[in-house]
Amino acid sequence: RIYDGSHVWVDGCYLHDGNGVGIAVQTNSCNHLHLTRNEVARPGPGTPGEGMYLGGNFGSIQVTDSVVAYNHVHDLRGAIVGQGDGIELKQASTRNWILGNRVHGCRNPCILVYGTGGIDENVIVGNFCYDGDDAILQVQGEAIVRNNVAIGGSAAFQSHDHQGTSSRLQVVHNT
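Starting afresh in each chain, residues are numbered from 1 along the sequence in its written order. Confidence filtering applies because this is a predicted model: local features only for residues at pLDDT of at least 70, side-chain atom pairs given and counted only at 80 or more, and all residues used for totals across whole chains, interfaces and linings. Values shown for side chains rest on all heavy atoms present in the structure; no hydrogens or waters enter the calculation.

**Section: the overall build of the protein chain**
- Scanning the protein chain from terminus to terminus reveals zero helices and 22 strands.
- Throughout, the radius of gyration refers to the C-alpha atoms, and the reference size of a globule is 2.2 Å times the residue count to the power 0.38. Its C-alpha radius of gyration of 14 Å places the protein chain within 12% of the 16 Å reference for a compact globule of 175 residues.
- With respect to the three principal axes, the spread of C-alpha positions in the protein chain is 40 × 35 × 25 Å.
- In the protein chain, which comprises 175 residues, the proportion classed as buried is 50%.
- Long-range contacts, defined as pairs at least 24 residues apart, comprise 71% of the intrachain contacts of the protein chain with a sequence gap of at least 6. The way it works is that DSSP assigns letters per residue, a run of H or I at least four long becomes a helix, a run of E at least two long becomes a strand, and they are numbered from the N terminus. Using a 1.4 Å probe on the protein chains alone, a residue whose accessible area is under 20% of its type maximum counts as buried, one over 50% counts as exposed, and one in between counts as partly exposed. Contacts between residues were defined by any pair of non-hydrogen atoms, one from each residue, lying within 4.5 Å.

**Quick word on the pattern of salt bridges**
- Whenever a carboxyl oxygen of Asp or Glu lies within 4 Å of a side-chain nitrogen of Lys or Arg, that contact is scored as a salt bridge. With the rule as written, the count across this model stands at seven salt bridges.
- Residue Asp131 pairs with Arg77 through a salt bridge whose shortest N-O separation is 2.9 Å. Pair noted here: Asp131 is in strand S17 (residues 128-132) and Arg77 is in the loop between strand S11 (72-74) and strand S12 (87-89), with a separation of 54 residues, a long-range link.
- When the shortest N-O distance is used, the salt bridge between Lys90 and Glu88 registers 3.0 Å. Accessibility classification places Lys90 together with Glu88 in one group, the buried group.
- Several salt bridges converge on common partners, so that one network encompasses Asp65, Arg95 and Asp120.

**Here's the deal with the environment of Gly20**
- Here Gly20 shows up in the loop between strand S3 (14-16) and strand S4 (21-25).
- Taking the relative accessible area as the measure of exposure, Gly20 reaches 5% and is therefore buried.
- On a C-alpha basis, the gap between Gly20 and Thr47 in space is 4.9 Å, while along the polypeptide they are 27 residues apart.
- Residues in contact with Gly20, not counting those within four places in the same chain, are Pro43, Gly44, Thr47, Pro48, Gly49 and Glu50.

**A closer look at the sheet that holds strand S1 (residues 5-6)**
- Pairing between strands requires that DSSP locate at least two bridges from one strand to the other. The three strands lie next to each other as S1-S5-S9, forming an open sheet whose pairing is parallel. Edge positions in the open sheet fall to S1 and strand S9 (63-64), since each of these has one partner strand only.
- Note that S1 and strand S5 (residues 30-31) share two bridges and pair parallel. The partner of Ser6 across the bridge, within S5, is Asn31.

Spelled out as structure tokens, the structure:
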């Protein structure tokens, strides 16, 4: 858990069999995080079981100007019902890049990105996501979703109003 910080880099770690969430940023807003080349597996049975939980509901905590890249996030089905997202970026988090991650074995979306609240946008590009029980990629809005591969699930891609209104969404060159 990253409680408070800016310019934090978590690189090349193996986070597994924990007690809830692989990497959590949900206590205070953080900026300029670099979460790169990590492996997150089996965050904890009977827990929220999220691979990465970044931000807070309804914009209460924001993650901004950050990079989540080249991580391998997997085996999240041990989560309690209604949980188990691979990489989840919450409402009002903005100017983030989610790039080149491999995410699979999720109860909920492999990558779930809420809207930014109308401020700038997030970029979701070049991710390989498969084997999920829900939509593989779910993005609300204010984002560019480009060159991702999404296989399986109830839908490869889904977008709808969640904690804000869906708007300014570009979805191009995905498979």
